[in-house]
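# Architecture at a glance
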Amino acid sequence: MNYQETIDWMFSQLPMYQNKGKKAYKEDLSNTLLLAYHLKHPENKFKSIHVAGTNGKGSTSHMLASVLQEAGYKVGLYTSPHLKDFRERIKINGKDISKQFVIGFIKRNKHFFEKHSLSFFEMTVGLAFDYFSKQKVDIAIIEVGLGGRLDSTNIITPEVSVITNIGLDHTQFLGDTIEKIAKEKAGIIKKDVPVVIGETQKETTAIFNKMANNNSAEISYADDLILKDYATDLLGSYQKNNAKTVVQTIAVLNSLKKFKVSNNYLIGGLKNVIKNTSLKGRWQVLQNDPKVVCDTAHNKEGLTYTMEQLQQENFDKLHIVLGFVNDKDLSSIISLFPEKATYYFCKPSIYRGLDASVVLDYFKAKNRFGNMYKSVDEAFNEALSNATSKDFIYVGGSTFVVAEII
């Protein structure tokens, strides 16, 4: 198989959360552990930082990778989902995994994958760990896919564990309260491994403290300890929280004496995240006149920040291109969206995309008006043709909407 055929096989042959939702979610780590054994335990052959959380874990992971790259280390970065190309998920020093490595890995292990019915996510984690091991990275930043306790990435023993924050997202898998979700994410806390919590929340503090205590894991809260704001090239107002989480994580990493990151490298890394890692879709300005911004925020906590930042912009008229996945609880986010805007409703072109007519009807009932379009492209182009140079266009609601326009 060539690269495209290999990727098509991975996407279509096996359940994939990005497309299938709950059907792709595995209830234990047995397959991942089986795969790790089959691959001769690559997860034990490189150092890592493990990053979980409802919001900000992707940005935090990219920031950490950027800082460590600035300090001269060879840094692996595993994140999900991708926006354009599958290979975005697995990088070393900002460069995507090669097509040849992906093809070779699937070819060598295809029989094993089929025999044990591995999920898309399980084999992708195996691919990342095998790649980082063979490329001999100094450290890898590993972002949790979903939750923590049962996530396929949770077979590593990292130098530091990081939990950015807890919000109500993916409740059909992780539980329907902040406390239940916190317990799932706290599953990445390991024995004698320090853990950094990004944001102190009254519902989660006792849960995290107890889990850390049970594991003799030193726990620290970044928002309590890091009082100054740090500049970053990621423009979202919410990034200041992620930057503080990174600063505290690097401080903990330095204290372990295995890595040395100076303050200059820390500051430089935070200011060069996009250059060092090619991160996209986080309050990304696509053009000016009219100003067009896209953001992958898709739950209440994330959208609260982006909608607040939106209101701080200067514009004549606001145009919002919006689409969601079909498990999105619109009632939890509708109040965040402004009434004074023209909406362009669309369905992201994935299996889980929510029909635009459903979104239009719901928003219309809540005094938010617009039209629906056959595709994200059509909705975006209509917004562009309607907007004057002094207007503002926001594109979002789902990672998969953003993926189609960048």
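Just so you know, the residues in each chain are numbered from 1, in the order the chain's sequence is written. With pLDDT at 70 or above as the cut-off, local features in this predicted model cover only qualifying residues; side-chain atom pairs require 80 or more to be listed or tallied, and sums for whole chains, interfaces and linings still use all residues. Hydrogens are left out, water is left out, and the side-chain values use all remaining heavy atoms of the structure.

## Looking at the packing of aromatic side chains
Using the following cut-off: Between 30 and 60 degrees the pair is tilted, below 30 it is stacked and above 60 it is edge-to-face, where a pair is any two Phe, Tyr or Trp rings, Trp via its six-membered ring, whose centres lie within 6.5 Å. A run of DSSP states H or I qualifies as a helix once it reaches four residues; a run of E qualifies as a strand once it reaches two. Both are numbered from the N-terminal end. Exposure is judged per residue with a 1.4 Å probe applied to protein chains only, and the accessible area is read against the type maximum: over 50% gives exposed, under 20% gives buried, and values in between give partly exposed.
In total, this model carries 21 aromatic pairs according to the counting rule given. For the pair phenylalanine 315 and phenylalanine 392, a centre-to-centre distance of 5.8 Å together with 40 degrees between the ring planes defines the contact as tilted. You can see phenylalanine 315 sitting in the loop between α14 (300–311) and β11 (318–322) and its partner phenylalanine 392 sitting in strand β14 (residues 392–396), a full 77 residues away along the chain. What makes phenylalanine 315 partly exposed here is its relative accessible area of 24%. By the ring-pair criterion, three or more aromatic residues cluster together here, those being Phe46, Phe101, Phe129, Tyr131 and Phe132.

## A closer look at the nonpolar core
To keep it simple, the criterion reads: Buried Ala, Val, Leu, Ile, Met, Phe, Trp, Tyr and Cys residues form a nonpolar core when they are joined through side-chain atoms within 4.5 Å. Contacts were defined at the residue level, with two residues in contact if any of their heavy atoms lie within 4.5 Å.
Membership of the largest hydrophobic core comes to 35 residues, with the highest contact counts inside it found for Phe113 and Phe132. The element that contributes the greatest number of residues to this core is helix α6 (residues 120–134), accounting for 9 residues. With near-sequence residues (within four places) excluded, phenylalanine 132 lies in contact with Phe46, Gly76, Leu77, Tyr78, Ile90, Lys91, Ile92, Val137, Ala140 and Ile142.

## Observations concerning helix α16 (residues 376–386)
Basically, it comes down to this: The directions from the helix axis to the C-beta atoms are what the arc is built from.
Looking at α16, one finds that the buried residues are Val376, Ala379, Phe380 and Ala383. Along the axis of α16, the buried residues cluster in a sector spanning 95 degrees; they form a single face. Looking at the buried side of α16, the elements it contacts are β10 (291–294), β11, β12 (342–345), β14 and α17 (399–403).

## Quick word on the side chain of threonine 164
The condition is simple: Residues adjacent in sequence count toward polar contacts only when both atoms are side-chain atoms; beyond that, a polar contact is any pair of N or O atoms within 3.5 Å, and within protein one must be able to donate a hydrogen and the other to accept it.
Here threonine 164 lies in the loop between β6 (160–163) and α7 (171–174). Within polar-contact distance, the side chain of threonine 164 engages the backbone oxygen of asparagine 55 at 2.7 Å. Ignoring anything within four residues of it in the chain, the contact list for threonine 164 reads Val51, Ala52, Gly53, Thr54, Asn55, Gly56, Lys57, Thr60, Gly198 and Glu199.

## So, the sheet that holds strand β13 (residues 370–372)
We apply this condition: Should DSSP find at least two bridges between two strands, the strands are taken to pair. Think of each axis as a best-fit line through the C-alpha atoms, taken over the contacting stretch in the case of a helix, with angles from 0 to 180 degrees between the N-to-C directions.
Spatial strand order, β9-β10-β14-β11-β12-β13: 6 strands in an open sheet with mixed pairing. Pairing within the sheet leaves two strands with one partner each, and these edge strands are β9 (284–287) and β13. Each adjacent strand pair in this sheet contributes to an overall mean axis angle of 20 degrees, direction not counted. Here β11 runs beside β14; their pairing, made up of 5 bridges, is parallel. Within β14, the residue paired with leucine 322 across the bridge is glycine 396. Each of β11 and β14 touches α14; the most contacted strand, β14, lies at about 175 degrees to it.

## Re the pairing of strand β2 (residues 75–78)
Across the two faces of β2 the burial is the same, with Val75 and Leu77 and Gly76 and Tyr78 all buried. Sheet topology note: the β2/strand β5 (residues 139–143) ladder contains 4 bridges and is parallel. Across the sheet, the residue bridging to leucine 77 is isoleucine 141, located in β5.

## So, the pairing of β11
The buried fraction of β11 is high, at 5 of 5 residues. Residue alternation in β11 divides its side chains into two sets, Leu318, Ile320 and Leu322 and His319 and Val321, and both sets are buried. Two strands pair when backbone bridges link them, and β11 and β12 are joined in this way by 4 bridges, in the parallel orientation. Bridging from a neighbouring strand, histidine 319 pairs with threonine 342 of β12.

## Observations concerning the sheet that holds strand β7 (residues 195–197)
In a beta sheet, neighbouring strands pair by backbone hydrogen bonds and run either parallel or antiparallel. Strand order in the open sheet formed by 8 strands is β4-β3-β2-β5-β1-β6-β7-β8, with mixed pairing between adjacent strands. Of all the strands in the sheet, just β4 (95–96) and β8 (219–221) have a single pairing partner and so form its edges. Of the pairings in the sheet, the one linking strand β3 (residues 90–92) to β4 comprises 2 bridges and is antiparallel in character. If you follow lysine 91 over to β4, its bridge partner there is aspartate 96. Against the sheet, helix α4 (residues 57–70) engages β1 (48–52), β2 and β5, with an angle of about 170 degrees to β5. Running at roughly 165 degrees to β6, helix α11 (residues 239–255) makes contact with β1, β5, β6, β7 and β8 of the sheet.

## Here's the deal with empty space enclosed by the protein
Heads up, the rule is: Grid points spaced at 1 Å over the protein atoms alone were grouped into cavities, where a 1.4 Å probe fits but cannot get out, and pockets, open sets with protein on both sides within 12 Å along at least five of seven lines, with lining residues defined by an atom within 4 Å of a point. Grid points are joined across faces, edges and corners, and a volume is the space filled by probe spheres set on the points. Each residue is assigned to one class: nonpolar for Ala, Val, Leu, Ile, Met, Phe, Trp, Tyr, Cys and Pro, charged for Asp, Glu, Lys and Arg, and polar for all the others, Gly among them.
The tally for this structure, following the rule as stated, stands at 1 cavity of 30 Å³ or more. One number sums up the size of the largest cavity: a volume of about 50 Å³. In terms of lining residues, the largest cavity is bounded by Thr32, Leu35, Ala36, Leu39, Pro42, Glu43, Glu122, Val125, Gly126, Phe129 and Ile155. Elements supplying a minimum of two residues to the lining of the largest cavity: α3 (30–38) and α6. The leading source of residues in the lining of the largest cavity is α6, at 4 residues. Looking at side-chain class alone, the lining of the largest cavity contains 7 nonpolar, 2 polar and 2 charged residues.

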